[in-house]
Structure formats: structure tokens, C-alpha cells
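Inside the fold
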Amino acid sequence: MTGRRAGTSWAIAPSAAGESEPRVSIEVSNESGLDVSEAELISVARFVIGQMQVNPGAELSMVLLDSAAMADLHMRWMDLPGPTDVMSFPMDELEPGGRPDASEPGPAMLGDIVLCPQFAAEQAATAGHDLEHELALLTVHGVLHLLGYDHAEPDEEKEMFALQRRLLEDWYAEQAELYRKTRQTEKDVRLLDKSKYFDES
């Protein structure tokens, strides 16, 4: 796992009453050879970006590599042998507003998150959970690195990992609520459909 130094800030999304905000643009390229839910990765990444108040016009790229390609990237950028689970490559320095007379912060390219599902699968098996959970966790971790969080020092690690756990738990809670609402909507539709049998002629 890697990321830039702590202390880097990020753009706060400008708000305007009655104005519909754009959604964060997230592009996923799966070159790992494994079948992975890209929609789930996008969902958790978009949730974290929203919770961290990043400009909703920001852009994020996610790349999934196999173990050999990840090992090559790990050596070229970190000078460390073998594959790793996630690497983050920040693009822009996202400032929270700057000078009082400066223009509103606009959309920015957050950077790239590179995941290795094969390596993640091994970690998931060791930890006793499924690959989907591991990739969701690594996605949260990667986004936080792009936003300046790190874990080189004990206090940094404590802060980052606590935030990482809370964000992941909150995302799961949101997914459960969306599932509940979807099931309720489906039930309502079925009931509405059946009500036709009681319509007066």
C-alpha cells in the first residue's frame, strides 16, 4: 500500500441551492483476468469521495492488474519486489479554496488507484472474508491515500484505519438500506398489480 504524504488537502464541493450536482466520474479498467464487480468498486469509491466532500465533478481512474503486472509496477515505482494489494497515484493537489478572492475550486483529476484482485484474494482467504469485501476495503484505502492520508507513523495509521473502517461500515449500511428500499418497492409494485382484482368494474 502506498500514498502521498499526510497533510494534503482536497477540494470541497461548491454548493448552490437548487443546483443539481454532477456525479464523480469513475473509470474502471479490468486487466486482471478475474471477474470482479466493477459496479461495486465504483459504488464504494463514489461513496467515500462523497463522504469526504470532494468536488463531485472530480475524476478517478481505477485499474485492476494481474499479479505479474502489479509486481512490475511495484518494482518500478516503489523499488519493492513482488505484487501488492493496492497502489495510489495522486494526480492533482486539491486545495480547499485558497485565497478569499480566488475562484471556486473546480473539478480535478484525483488520480489512479491500481488494485490486484489475485493478491487481494490471498489476503481475503487469510483474513477469512470474501474477495468482494477485500476489494471494497482496498478501494476505501486507495481513495484515502489519494486524499492525502497515510500510515507511515503510528498516529497516522490510527487515524487512517479508523476512518477507513467507519467509511466501509457506512457504505455497507447504505447498501443495506438501498436493498431494503428496493425490496419494498418491488413489494409495493406486486401489491399494486394485485389490486386490479379488486377494482370496481
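Residues numbered from 1 in each chain as written. Predicted model: local features only at pLDDT ≥ 70, side-chain atom pairs only at ≥ 80, totals over all residues. Heavy atoms only, no water.

The next point concerns the pairing of strand β4 (residues 109-115). Taken across its seven residues, β4 has five buried, putting it largely inside the fold. Summarising the sheet, strand β2 (residues 59-65) and β4 pair through six bridges and their orientation is parallel. Pairing of leucine 60 across the sheet is with glycine 111, part of β4. Alignment of strand β3 (residues 86-90) against β4, held across five bridges, turns out to be antiparallel. By the bridge assignment for β4, proline 90 is matched with glycine 111. (Buried < 20%, exposed > 50% of the residue type's maximum accessible area, 1.4 Å probe, protein only. Helix = DSSP H or I, 4+ residues; strand = E, 2+ residues; numbered from the N terminus. Pairing = 2+ DSSP bridges.)

Next up on the list: the nonpolar core. Grouped together as the largest cluster of nonpolar side chains are 35 residues, with contacts concentrated most on Met52, Leu60, Met62, Leu115 and Leu144. Secondary-structure elements contributing two or more residues to this core are β1 (25-31), α1 (38-51), β2, β4, α4 (131-146) and α5 (154-194). Ranked by size, the runner-up nonpolar core spans eight residues in total, among them Val63, Leu65, Met70 and Phe89. (Core = buried A, V, L, I, M, F, W, Y, C linked by side-chain atoms within 4.5 Å.)

All right, on to unusual backbone geometry then. Positive phi values are uncommon outside glycine, yet glutamine 53 reaches one of about 60 degrees. With respect to the helices, strands and loops of the structure, glutamine 53 is situated in the loop between α1 and β2.

Below, the discussion takes up the side chain of serine 88. Inspection of the secondary structure assignment puts serine 88 in strand β3. Since its relative accessible area comes to 5%, serine 88 is described here as buried. For serine 88, the side chain forms a polar contact with the main-chain oxygen of glycine 142, separated by 3.0 Å. (Polar contact = N/O pair within 3.5 Å; in protein donor to acceptor, adjacent residues only side chain to side chain.)

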